[in-house]
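Chain and residue survey
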Amino acid sequence: MEPQINFLAIAVATLIPMIVGFLYYHPKTVGKAWMEANGFTMEMVGNGPKPILYLACLALSFLLAMFVSYNVTGPGQDAAPDGHSFVTFQHGLFHGVEIALMVVAPVLGTMGIFEKKSMKWFWVNIGYWLITLCLMAGILSAWR
């Protein structure tokens, strides 16, 4: 049986990158380290991107939520061979870590090497994606 898509869960997961980003990249959390790693100043960052860019980010977050949803709810993601359920937040956390380390880290690492970014840049950004993907996958796995 094909899994049903929970569009409410997809909608919530779509918001996760924006919410985590607002908190994670705030100057009182990791924002100062992020600005330093990118050579930005508060004046350069200003008041943030224009509203249309937030809409573009939401559209990209929706695509990511759809991918993560399929990853945690697709074929074979209902129960393990021993019968225990995969419909848990913890199962999603595993997938979030897996995607962050096996997909995002190599992409960021390759970009960082060729763009001559620092290790600080890498760790700041992979930290964001690790938290974001764990929350997205956890929600999507548990809330089918």
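Below is a summary of the structure that appears in this document.

Applying the stated rule across the entire model yields 8 aromatic pairs. With a centroid separation of 5.1 Å and an interplanar angle of 80°, the aromatic rings of Phe-122 and Trp-123 are classed as edge-to-face. Among the aromatic residues, those joined into a ring-pair cluster are Tyr-24, Tyr-25, Trp-34, Phe-40, Tyr-128 and Trp-129.

Taking 1.5 Å of rise per residue, 26 residues should cover 38 Å, and helix α5 (residues 89–114) covers 36 Å from first to last C-alpha, within 8% of that figure. Val-104 marks the point of greatest bend in α5, at about 35°, and the proline Pro-106 comes within the next four residues. Taken as a whole, α5 has its buried residues at His-91, Gly-92, His-95, Gly-96, Ile-99, Ala-100, Val-104, Ala-105, Leu-108 and Gly-112. On the buried face of α5, the contacting elements are α4 (51–73) and α6 (119–142). One or two residues past the end of α5 sits Lys-116, with phi positive at roughly 55°.

The interhelical angle for the contact between α5 and α6, taken along N-to-C directions, is 150°, at an axis separation of 7 Å. Classed by the angle they form, the pair α5 and α6 counts as roughly antiparallel. In this structure, α5 meets α6 at a crossing whose hand is right-handed. Of the residues assigned to the contact of α5 with α6, the class counts are 20 nonpolar, 9 polar and no charged.

Calculation notes
Residues numbered from 1 in each chain as written. Predicted model: local features only at pLDDT ≥ 70, side-chain atom pairs only at ≥ 80, totals over all residues. Heavy atoms only, no water. Phe/Tyr/Trp six-rings, centres within 6.5 Å; stacked < 30°, edge-to-face > 60°. Helix = DSSP H or I, 4+ residues; strand = E, 2+ residues; numbered from the N terminus. Expected span 1.5 Å × (residues − 1). Bend = angle between axes of the 7 residues up to and from the residue. Buried < 20%, exposed > 50% of the residue type's maximum accessible area, 1.4 Å probe, protein only. Contact = heavy atoms within 4.5 Å. Axes fitted to C-alpha atoms, helices over the stretch in contact; angles between N-to-C directions. Parallel < 35°, antiparallel > 145°, perpendicular 65-115°, else oblique. Left-handed = near helix turned anticlockwise from the far one by under 90°. Nonpolar A, V, L, I, M, F, W, Y, C, P; charged D, E, K, R; others polar.

Limitation: the analysis is restricted to geometry and does not speak to function.
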